[in-house]
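Now for the letters of each chain:
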Amino acid sequence: MQSRLATPVAQSSDNRPDSFSRADLYVIVNQVGEGTFGKVYKARNTVTGMNVALKRIRMEQERDGFPVTAMREIKLLQSLRHQNVVKLYEMMVSHGSVYMVFEYMDHDLTGVLTQTHFSFTDANLKSLCQQMLAGLAYLHHKGVIHRDIKGSNILLNNRGELKLGDFGLARFYQKRRRSDYTNRVITLWYRPPELLLGTTVYGPEVDMWSAGCIMLELYTKKPVFQGNDDISQLDAIYKVFGTPTPERWPGVADMPWYELVKPKEIIDDHFRALFKKWLSPAALDLAEQLLTYDPSKRVTATQALEAPYFMQEGPAPVLPIGLSTLEGEWHELEAKRERERVKKRRKTEGEFSQQ
Amino acid sequence: MATDFWASSHYKRWIVDRAAVQRARAEDRQFVDDPEYLDLLAIFFANCISKLGKKLGLRQRVIATATVFFHRFYLKNSYSETDPFLVIAACCYVAAKAEESPVHIKNVVTEARSLFSQEMYGVKTFPSDNSKLAEMEFYLVDDLECDLTVFHPYRTLMTLCCKEGSSSDLDAEAGELGVGINEGHRYWGTGEGKLELQEAALQMAWFIINDTYRSQLCLLYPPHMIAIAVINLTLVLHNPTRASIQSSNPPPASQAAPTRRSSRQASHHAKKPVQDPVSFQASLNVNMTQVATIMQEIIALYTLWDRYKEDSNEQPKGSLIQNYSSPVTNSSGSGTKRSAAGVSVSRSTSVNTSSGSNGGTPMDLAGDVEIGEDGKPVITPAFLSKVLLKMREAKLADLAKGGGGTARPMAINKMIGRAQAAG
């Protein structure tokens, strides 16, 4: 199972004496994920016995040398320190590759929500939601937009702590001035309507929409808006929240692609009716505020933490420490592989039955 | 950047003591005739970075970051064992990426090739393919320990001295540093009581900061301390400002700058009370002895710089102070205002005091070096390029002799760097 951390690309850097000792410091256990810009491995520190996550920065197909996105991620993570943001321990150069060394997190949210051995209480779910919002509040206070909040980037450990990870798409923004950014960010299912409608001027509120999606997903156990492309993604959102009107979202008609993807029929808002079987009234209120069409009216992370859902309505948040009893480690990658195994088995079974 | 300086790698790992800076040059010192050449080389290389950065259209802040990377790299490496021109190119390339204004690797190679192929640099073969630069970048990022966030005195200067609501492009640049992310109070307690400088004085301070990168100051002191030292120097060197301070000051003005008194605010109609320099200094609550040391070092840098001539046909200029008294705003070259100004100031300050008359003498590249009137060689890029070449040859010869003895200090040197980085 264990493989030595040895990449076949042996570059001239190997004759530097200091790169040997550091390479041997970690032994790779297995792959646990696929980040935006490179594979993520679980590894063990051979001296302390502590587990870490190693993220290898892909260099070989980079003609421009060190990827600017990786540089951005390193700079961002080095400047962040919060209990709900994954900790970058150090950088490591080994055998011609650059690795980011992170604290190890046993699970990610997607993996944990797909398993059926351990179920969260409502108090646990509230805690997860609170921790996520606390992480976002910190990022936004620091002037960072994450731009890729989704289940597989929300990491959990067996102590029940939640941390935001993968800052491959994150960037600094300016509070005083709105700048133009690319709108090709955030995984489709978690992408807010204003990005789907083509805006390139946005701020931290794009993360809040994704957080709203995650909040619903915590209760329903699966992503709520599952589109295949920008248009069907908008349709999936409209089916729940209705079509956006200028009353609900004054700026909607000014969105760059509004005319192009104008909905053919008017749909009413069915959100509360659809979700009241999963969410408490205060939870519904908060989710609705997070998933507000008009970005300027969408609740901020700091405001969300003050919501009655956390402050008044029971139960009080409780860390899901029961995760430590959960057998195995659950990441999206394993969940994906499991799905593929099942699919394959069904397929072969199908082939057998045909014979 | 929305980061806390005190928690940063800049503060924790990359502010070193003078001994470490000395040790870093230990090997180079073995191969150089006059140790002072090493300090002059630092000026020379910083000028190269500035020139290359200008050609690449980099902002002043990016150039400053590139220069800091260069100094940090040579805390762990020696000039004689590396190709500083390739390192310079890599520093510019990495800094551009790290400061969110990336340039294409091909541009860097092309511009560096065309710049360093000028005769005075004596670079016969700057690599033409991208992979060499990419490889150098890799080593550079490794030796920088991936610490890519650099703090600069510019922000402190703007925080302390910029007029409120000023729409100068200085302010625009300051904005890009993420100043809007309310953290100004972190360094300055209440954050009240700015010292408003006149536009020209502010610009002069900005240029002096540019100049500090020609020395090792950025390795020795936190950027805000450098900024305060520069503000003090500006109060003395900027004639109108000094005059207004002196005119309002009863005679014993022979004291050090920090204790001078001013009533500049009398001539300003500010909404809130503008502080005079003395109470301003007092309110900073920083170590004034260290500020004075930094001021001394900046003056020492200018003295050294006087010996250096960027061009053989450079016009001799007046003394430093007289020079600064003229409106610096006019000294602009081509390209963006600031990066151009950075270079033009460096020129205007590189005063040839030793031989005011021999400016314009054609350089003799093939033969021996030009000798100034004081019997010392005239320091030009061509001269320093030769010094560098000689150092490398000496190093190679030493290696050929089986000079394991000199390989040692290098290794130790690196270890020190690592230990510091780890600490």
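In every chain, residue numbers begin from 1 and rise along the written sequence. Chains and ligands are labelled sequentially in the order written, the chains with letters from A and the ligands with numbers from 1. For this predicted model, a pLDDT threshold of at least 70 governs which residues receive local features, and a threshold of 80 or more governs which side-chain atom pairs are given and counted, while totals over whole chains, interfaces and linings are taken from all residues. Side-chain calculation: all heavy atoms of the structure are included, whereas hydrogens and water are not.

**Structural notes on the sheet that holds strand E8 (residues 154–156) of chain A**
The pairing of strands in a sheet comes from backbone hydrogen bonds and takes either a parallel or an antiparallel form. Residue and element names in this part refer to chain A. A pair of strands is treated as paired once DSSP finds two or more bridges between them. Secondary structure elements are taken from DSSP: a helix is a run of H or I of four residues or more, a strand is a run of E of two residues or more, and numbering for both begins at the N terminus. In spatial order, the strands read E6-E8-E9; together these 3 strands make up an open sheet with antiparallel pairing. Edge positions in the sheet fall to strand E6 (107–108) and strand E9 (162–164), since each has one partner strand and no second. The sheet contact formed by E8 and E9 spans 3 bridges and is antiparallel. Residue pairing for E9: Leu155 is matched across the bridge by Lys163. Strands in contact with helix H4 (residues 122–141) are E8 and E9; relative to E9, the strand with the most contacts, it is inclined by about 35°. The contact definition used throughout considers only heavy atoms, calling two residues in contact when any of these lie within 4.5 Å. The axes used here are C-alpha line fits, helices contributing only the stretch in contact, and every angle between their N-to-C directions lies in the interval 0 to 180 degrees.

**A word on the confidence of the model for chain A**
The pLDDT value expresses, per residue, how confident the predictor is, ranging between 0 and 100. When pLDDT is averaged along chain A, the result is 86; 88% of the residues meet or exceed 70. Note on residues 1–20 of chain A: pLDDT is under 50 here. Beyond four places in sequence and across chains, it has 40 contacts.

**A word on the environment of Ser97 of chain A**
All names here are of chain A. Tracing the backbone through its elements, the reader meets Ser97 in strand E5 (residues 97–103). Remark: exposure states derive from per-residue accessible area (1.4 Å probe, protein chains only) relative to the maximum for the residue type, with buried under 20%, exposed over 50%, and partly exposed in between. For Ser97, a relative accessible area of 2% corresponds to the buried category. In this structure, the C-alpha to C-alpha distance between Ser97 and Ile57, residues 40 residues apart in sequence, is 6.9 Å. Nitrogen and oxygen atoms within 3.5 Å of one another constitute a polar contact, given that in protein one can donate a hydrogen and the other can accept it, and given that sequence-neighbouring residues count only through two side-chain atoms. Of the polar contacts made by the side chain of Ser97, one reaches the side chain of Arg56; its length is 3.0 Å.

**A few points about the packing of helix H9 (residues 153–161) of chain B against helix H14 (residues 223–237) of chain B**
Residues and elements named next belong to chain B. Across the interface, H9 lies against H14 with an axial gap of 8 Å and an inter-helix angle of 55°. In terms of orientation, H9 and H14 fall into the oblique class. The hand of the H9/H14 crossing is right-handed. Contacts between H9 and H14 involve Pro153, Thr156, Leu157, Leu160 and Cys161 from the first element and Pro223, His224, Ile226, Ala227, Ile228 and Ile231 from the second. Among the residues forming the contact of H9 with H14, the class breakdown is 9 nonpolar, 2 polar and no charged. The labels follow the angle: roughly parallel below 35 degrees, roughly antiparallel above 145, roughly perpendicular from 65 to 115, and oblique for the rest. Each crossing is labelled by how the near helix is turned from the far one, with a counterclockwise turn of less than a right angle marking it left-handed and a clockwise turn marking it right-handed. Each residue receives one of three labels: charged for Asp, Glu, Lys and Arg, nonpolar for Ala, Val, Leu, Ile, Met, Phe, Trp, Tyr, Cys and Pro, and polar for the others, Gly being one of them.

**Structural notes on the packing of helix H4 (residues 36–55) of chain B against helix H5 (residues 60–73) of chain B**
Residue and element names in this part refer to chain B. Viewed as axis vectors pointing N to C, H4 and H5 meet at an angle of 140°, and their least axial separation amounts to 9 Å. The two elements H4 and H5 meet at a crossing, and its hand is right-handed. Mapping the contact onto sequence places Phe45, Ala46, Ile49, Ser50, Gly53 and Lys54 in H4 and Ile63, Ala66, Thr67 and Phe70 in H5. Looking at the contact of H4 with H5 residue by residue, the class counts come to 6 nonpolar, 3 polar and 1 charged.

**Focus on unusual backbone geometry**
Residue and element names in this part refer to chain A. The residue after Gly314, namely Pro315, is reached through a cis peptide bond having omega -5°. Even without being a glycine, Arg147 presents a positive backbone phi close to 65°. Summarising the element assignment, Arg147 is placed in the loop between strand E7 (144–145) and E8. In this model, Asp166 sits at a positive phi of 50°, which is unusual for a non-glycine residue. Structurally, Asp166 is set in the loop between E9 and strand E10 (171–172). Overall, Asp166 belongs to the buried group, its relative accessible area being 13%.

**Observations regarding the side chain of Asn77 of chain B**
Secondary-structure assignment places Asn77 of chain B in the loop between H5 and helix H6 (84–98). A polar side-chain atom of Asn77 of chain B sits 2.9 Å from the main-chain carbonyl oxygen of Phe73 of chain B.

**Here we look at the UniProt feature "binding site: ATP" (unreviewed entry) in chain A**
Residues and elements named next belong to chain A. UniProt positions are given in the numbering used here, feature names are shortened, and annotations may be inferred rather than shown by experiment. Within the UniProt annotation, "binding site: ATP" (unreviewed entry) is assigned to Lys55. Tracing the chain through its elements places Lys55 in strand E3 (residues 51–57). When neighbours within four sequence positions are excluded, Lys55 is seen to be in contact with Lys39, Val40, Glu73, Val98, Tyr99, Met100, Phe102 and Asp166.

**Considerations on the environment of Asp34 of chain B**
All names here are of chain B. As for its position among the elements, Asp34 is in the loop between helix H3 (26–30) and H4. For Asp34, a relative accessible area of 27% translates into the label partly exposed. A C-alpha to C-alpha distance of 9.8 Å links Asp34 and Val387, two positions 353 residues apart in sequence.

**Concerning the environment of His10 of chain B**
Residues and elements named next belong to chain B. Take His10: it is sitting in helix H1 (residues 9–13). Look at His10 and you get buried, because its relative accessible area is 2%. In this structure, the C-alpha to C-alpha distance between His10 and Pro223, residues 213 residues apart in sequence, is 9.7 Å. What His10 contacts, discounting residues up to four positions off in sequence, is Phe5, Ile15, Arg72, Thr149, Val150, Phe151, Cys218 and Pro223. Separated by 3.0 Å, the side chain of His10 and the backbone nitrogen of Phe151 make a polar contact.

**Details of the pairing of strand E2 (residues 38–45) of chain A**
All names here are of chain A. Counting buried positions along E2 gives 6 out of 8 residues, so the element sits mostly inside the fold. Across 5 bridges, E2 lies against E3 in antiparallel orientation. From the neighbouring strand, Ala43 faces E3, where its bridge partner is Val52. Counting the residues in the hairpin turn of E2 and E3 gives 5 residues, including Gly49, whose phi is positive at 75°.

**Describing the pattern of salt bridges**
Residue and element names in this part refer to chain A. Here, a salt bridge means any Lys or Arg side-chain nitrogen found within 4 Å of an Asp or Glu carboxyl oxygen. The tally for this structure, following the rule as stated, stands at 25 salt bridges over all chains. Among the salt bridges present, the one from Lys55 reaches Asp166, with a minimum N-O distance of 3.4 Å. Residue Lys55 is located in strand E3, and its partner Asp166 is located in the loop between E9 and E10; the two are separated by 111 residues in the primary sequence. The pair formed by Lys55 and Asp166 is uniform in burial state, with each residue classed as buried. One salt bridge connects Asp294 with Lys297, and the closest N-O pair in it is separated by 3.6 Å. When salt bridges with common partners are traced through the structure, they connect Lys55, Glu73 and Asp166 into a single cluster.

**With respect to H6 of chain B**
To estimate the expected span of a helix, count its residues, drop one, and scale the result by 1.5 Å. When the terminal C-alpha atoms of H6 of chain B are compared, their 20 Å separation across 15 residues agrees well with the 21 Å that a helix rising 1.5 Å per residue should span. Downstream of H6 of chain B by one or two residues, Glu100 of chain B has phi in the positive range, about 60°.

**With respect to helix H17 (residues 288–305) of chain B**
All names here are of chain B. Spanning 18 residues, H17 covers 25 Å between terminal C-alpha atoms, matching the ideal 26 Å at 1.5 Å per step. Every buried residue of H17 is accounted for by Val291, Ile294, Met295, Ile298, Leu301, Tyr302, Leu304 and Trp305. Its side-chain oxygen 3.0 Å from the backbone nitrogen of Thr289, Asn287 forms the N-cap of H17.

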